[in-house]
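Architecture and fold: a report
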Amino acid sequence: MKPVTLLWRRRAIALLGLLGLAAAGPARAAEGQLRIAKQFGVVYLLLNVAEDQKLIEKHGKAAGIDIKVDYVQLSGGAAVNDALLSGNIEIASAGVGPLFTLWDRTHGKQNVKGIASLGNFPYYLVTNNPNVKTIADFTEKDRIALPAVGVSVQARILQWASAKLWGDKEFAKLDTISVTLPHPEAAAAIIKGGTEITGHFGNPPFQEQELADNPKARIVLNSYDVQGGPASSTVLYGTEKFYKDSPKTHKAFLDALDEAAKFIVANPEQAADIYLKATGAKTDRNLLLKVIKSPEVTFKVEPQNTLGLGQFLHRVGAIKVEPKVLGDYFFADPRITTAGS
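My aim in this report is to walk through the structure given alongside it, one point at a time. Because the structure is a prediction, the values reported are computed rather than measured.

Considering the overall build of the chain
Along the backbone of the chain there are 16 helices and 10 strands. Along the longest, intermediate and shortest principal axes, the C-alpha atoms of the chain span 60 × 45 × 40 Å. Each of the 341 residues in the chain was classed as buried or not, and the buried ones make up 56%. In the chain, the share of contacts with a sequence separation of at least 24, taken over all contacts with a separation of at least 6, comes to 77%.

A few points about the environment of Leu45
Here Leu45 is to be found in helix 2 (residues 45–52). Excluding residues within four positions of it along the chain, Leu45 makes contact with Ile264, Ala271, Tyr275, Ile292 and Phe299.

Here's the deal with the pattern of salt bridges
By the definition in use, this model includes 15 salt bridges. With a closest N to O distance of 4.0 Å, Lys277 and Asp52 form a salt bridge. Of the two residues, Lys277 sits in helix 12 (residues 268–279) while Asp52 sits in helix 2, which places them 225 residues apart along the sequence. Judged by relative accessible area, Lys277 falls into the exposed class, the value being 67%. Here Arg315 makes a salt bridge to Asp168, at a shortest N to O gap of 2.8 Å. Here the residue Arg315 occupies a position in helix 14 (residues 307–315), and Asp168 occupies one in the loop between helix 6 (153–166) and strand 7 (178–180), the gap between them amounting to 147 residues. Residue classification places Asp168 among the partly exposed positions, given a relative accessible area of 30%. One network of salt bridges, in which partners are shared, links Lys251, Asp255, Asp258, Lys262, Asp333 and Arg335.

A closer look at the pairing of strand 8 (residues 197–201)
The buried fraction of strand 8 is high, at five of five residues. Bridge count for strand 6 (residues 143–146) against strand 8 is three bridges, and the pairing is parallel. Looking across to strand 8, one finds that Ala145 is bridged to His200.

Digging into the sheet that holds strand 10 (residues 234–238)
Each strand in a sheet pairs with its neighbour through backbone hydrogen bonds, running either in the same direction (parallel) or in the opposite one (antiparallel). The strand order across the open sheet built from three strands is 3-10-4, with neighbouring strands paired in antiparallel fashion. Edge positions in the sheet fall to strand 3 (92–95) and strand 4 (113–117), since each has one partner strand and no second. Strand-to-strand twist in this sheet, taken as the mean axis angle between neighbours without regard to direction, amounts to 40 degrees. Taken together, the four bridges between strand 4 and strand 10 define a ladder with antiparallel strand orientation. If you follow Gly114 over to strand 10, its bridge partner there is Tyr237.

The rules behind each value
Residues numbered from 1 in each chain as written. Predicted model: local features only at pLDDT ≥ 70, side-chain atom pairs only at ≥ 80, totals over all residues. Heavy atoms only, no water. Helix = DSSP H or I, 4+ residues; strand = E, 2+ residues; numbered from the N terminus. Buried < 20%, exposed > 50% of the residue type's maximum accessible area, 1.4 Å probe, protein only. Contact = heavy atoms within 4.5 Å. Salt bridge = Lys/Arg side-chain N within 4 Å of Asp/Glu carboxyl O. Pairing = 2+ DSSP bridges. Axes fitted to C-alpha atoms, helices over the stretch in contact; angles between N-to-C directions.

Okay, here's the thing in structure tokens:
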């Protein structure tokens, strides 16, 4: 099946999911209710483990509340942000780029802020075009697949890399050849070849699948090189209302994520099985384990090295409010704003 056809099918599924939530009406944030958006990739493994092990419910009961947890499968920061603002989810999971966009947009209103990190993962821009060695080699004939053009963390990191190469005024230079496509379809296009998609700025394990299954595929850009080292590119965030109205639920959620992170580190093989079961993915198990055990990957709730992207976005005018410290755009918690960066 062609990637574009699959794209519209996934969009329809995501839309039906949101319509189903909307039909029930946006519920008031309250203790014991947690609707969580999740996306594609092993970067969301903490959520997969928390769901499989029912860790949120476990920590809720320890705090004296029964938490009803629902997971909503979406694709792209734009769809996730829309779901959060419409009141159809309490927890958004997306790149730190969409977080900065919504933090800026809701400043002084819903006051959206980060809740936790999902860990540190390098994101690769992979190409199957033999003529492309660096981002400067992409032409109008190329198309770079991203979860959400101009919004996703991959799109923002590509803009940051463009600004470093061509100057801040040209930060959006590659937006014109970027297209929105979910990771599974983009990976299939890179592996198969023969489509307009010649680049994919993805995440694990899709980028590793591309490199393993297509001998012509190569890494053009590593997010860590742009960010200046290991960084928490994927995060969880919510509204100030949730943070203030549901303190026990918020704490139980963080406790569950923290336990999930420790579980993955201690039990990588079981974590891999949980991911395969939860996603129904046909990812090679050995390749998945290689990702989970990679020294470049860290599973933890503390955000790391996130401020630089926000300051870049402010500098080029993509956001109006300048983030100066982590506490500006993450809710206060000893494990987050004290330990994170």
